[in-house]
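Here is how the chains run, residue by residue.
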Amino acid sequence: DTAVSQTPKYLVTQMGNDKSIKCEQNLGHDTMYWYKQDSKKFLKIMFSYNNKELIINETVPNRFSPKSPDKAHLNLHINSLELGDSAVYFCASSQGPQGGYTFGSGTRLTVV
Amino acid sequence: SQQGEEDPQALSIQEGENATMNCSYKTSINNLQWYRQNSGRGLVHLILIRSNEREKHSGRLRVTLDTSKKSSSLLITASRAADTASYFCATDAENTGFQKLVFGTGTRLLVSP
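The structure reproduced in this document is the subject of the present report. Here the residue numbers are simple positions, counted from 1 along each chain's written sequence. Whichever chain is written first is A, and whichever ligand is written first is 1; the rest continue in order. Totals for whole chains, interfaces and linings use every residue, but because this is a predicted model, local features are given only for residues with pLDDT of at least 70 and side-chain atom pairs only at 80 or more, for both listing and counting. By convention in this description, side-chain values take in all heavy atoms of the structure and omit both hydrogens and water.

For the rest of this paragraph, the subject is a positive patch on the surface. Think of a patch as exposed residues, more than 30% relative accessible area, with no salt bridge, where like charges cluster within 9 Å and nonpolar side chains (Val, Leu, Ile, Met, Phe, Trp, Tyr) cluster within 5 Å. In this description, accessible areas are obtained by the Shrake-Rupley approach with a 1.4 Å probe, and a residue is regarded as covered only by the protein chains that are shown. Criterion for a salt bridge: a side-chain nitrogen of Lys or Arg within 4 Å of a carboxyl oxygen of Asp or Glu. Under the convention used here, Asp and Glu are negative, Lys and Arg are positive, and both His and the chain ends fall outside the count. Here the site of a charge means NZ on Lys, CZ on Arg, CG on Asp, or CD on Glu. A contiguous patch of positive charge, built from K9, K41 and R108 of chain A together with R41 of chain B, is present on the exposed surface. Numbering of helices and strands starts at the N terminus; helices are DSSP runs of H or I of at least 4 residues and strands are runs of E of at least 2. Along the polypeptide, R108 of chain A turns up in strand β11 (residues 107-111). Only protein chains enter the calculation, and the probe is 1.4 Å; a residue is then buried if its accessible area is under 20% of its type maximum, exposed if over 50%, and partly exposed in between. A relative accessible area of 40% places R108 of chain A in the partly exposed class.

Okay, here's the thing in structure tokens:
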């Protein structure tokens, strides 16, 4: 009965590989997000989707491609992984404006 | 650019003491939110205060908002060891047409038994 679930929790991969992170929410929220948290705990928004439509794309390299097959899912595909992509990636969802976000538990990506 | 700056960066107190964290931001906002992050976990929403509100309470949490100074504070009263975590403020900027939370730098709180 987890509200926002991400898989995998940990991902270790070599430079140049392509990987995906999946996110699902069962809250019925309309909007979903991807955030990146770096080693200094700085959280930066990457993407936001509202009812499967992209509404925020924050100067993220085009190696990162989000996909939302329906409003309950927002997956993140990363091509040609680089060392600098190592971080914790968080998925979140919210219902409408002026609402709190519900976060997933994060995916720790390590690129070696 | 980073919207919120938090102060202090780290705070160490004893159980039972109060903890106060401050957040400053740069642009007009719809609302300001506070989140807690335990080590290795996701963020948990604590409280939301709207731009037309000045103070809000939730259990042992008290949040104030001063839009003229573009600042907010989070007070945790009678702290417990379980309150040990990082605390982030996040602002939802006005007039963007959609909700987009921008997070501050965070305050690491350590509550010792």
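Okay, the sheet that holds strand β7 (residues 61-66) of chain B next. Residues and elements named next belong to chain B. Two strands qualify as a pair provided that DSSP identifies no fewer than 2 bridges between them. Taking strand neighbours across the sheet as the criterion, the 5 strands line up as β1-β3-β8-β7-β6 in an open arrangement whose pairing is antiparallel. Where the open sheet ends on each side, the last strands, each with one partner, are β1 (5-7) and β6 (55-58). Adjacent strand axes in the sheet meet at a mean angle of 15°, parallel and antiparallel pairs treated alike. As judged from the 4 bridges shared by β6 and β7, these two strands associate in the antiparallel manner. In the strand pairing of β7, E55 is matched with T64. Angles run from 0 to 180 degrees between N-to-C directions of axes, and those axes are lines fitted to C-alpha atoms, restricted for helices to the stretch in contact.

Here T7 of chain A and P8 of chain A are connected by a cis peptide whose omega angle stands at -5°. Checked against the element boundaries, P8 of chain A lands in the loop between β1 (4-7) and β2 (10-13). Backbone torsion omega between D7 of chain B and P8 of chain B reads 0°, so that peptide bond is classified as cis. For P8 of chain B, the location among the structural elements is in the loop between β1 and β2 (10-14). Positioned with a positive phi, N51 of chain A is a non-glycine residue whose angle comes to about 50°. Inspection of the secondary structure assignment puts N51 of chain A in the loop between β5 (43-50) and β6 (53-57). On the basis of relative accessible area, N51 of chain A is assigned to the partly exposed category, the value being 38%.

Here we take up the nonpolar core. The tendency in soluble globular proteins is for nonpolar side chains to be buried as a group. Take the buried residues of types Ala, Val, Leu, Ile, Met, Phe, Trp, Tyr and Cys, join any two whose side-chain atoms come within 4.5 Å, and each joined set is a nonpolar core. Membership of the largest hydrophobic core comes to 21 residues, with the highest contact counts inside it found for M21, L32, W34, L74, I76, Y87 and L109 of chain B. When residues of this core are traced back to their parent elements, those giving at least two are β3 (19-24), β4 (29-37), β5 (43-50), β7, β8 (71-76), β9 (85-93) and β11 (107-112) of chain B. Filtering out sequence-adjacent residues up to four positions away, L109 of chain B remains in contact with L11, I13, A19, M21, I76, D83, T84, A85 and Y87 of chain B. Of all hydrophobic cores here, the second largest spans 20 residues; its members include I21, F47, Y89 and C91 of chain A. Contacts are residue-level and defined by heavy atoms, with any inter-residue pair within 4.5 Å sufficient.

All names here are of chain A. For Phe, Tyr and Trp, rings pair up if their centres lie within 6.5 Å, where Trp contributes its six-membered ring, and each pair is then called stacked (planes under 30 degrees apart), edge-to-face (over 60) or tilted (otherwise). The tally for this structure, following the rule as stated, stands at 11 aromatic pairs over all chains. Ring geometry for Y35 against F103: centres 5.9 Å apart, planes inclined by 55°, an arrangement best described as tilted. With a gap of 68 residues between them, Y35 in strand β4 (residues 31-37) and F103 in strand β10 (residues 102-103) connect regions that are remote in the sequence. Plain terms: the ring middles of F64 and Y89 are 6.3 Å apart, the flat faces sit at 35° to each other, and that makes the pair tilted.

Counting residues at the interface gives 22 residues for chain A and 20 residues for chain B. Two parts lose some accessible area (1.4 Å probe) when they are put together, and adding that loss for both gives the buried area. Buried area between chain A and chain B, both sides added, is near 1700 Å², and the carbon and sulfur share of it is 52%. Inspection of the chain A/chain B interface yields 1 salt bridge. The closest approach of N and O atoms between K100 of chain B and E58 of chain A, which form a salt bridge, is 2.8 Å. Counted as a polar contact is a pair of N or O atoms within 3.5 Å, where, for protein atoms, one must be capable of donating a hydrogen and the other of accepting one, and residues adjacent in sequence contribute only when both atoms are in side chains. The interface formed by chain A and chain B holds 6 residue pairs in polar contact (both at pLDDT 80 or more) in total. Among the elements that take part in the side of chain A that touches chain B, β4 of chain A stands out by supplying 3 residues, more than any other. Counted by class, the side of chain A that touches chain B contains 11 nonpolar, 8 polar and 3 charged residues. Note that Gly is not counted as nonpolar here; it falls among the polar residues with everything else outside the nonpolar set of Ala, Val, Leu, Ile, Met, Phe, Trp, Tyr, Cys and Pro and the charged set of Asp, Glu, Lys and Arg.

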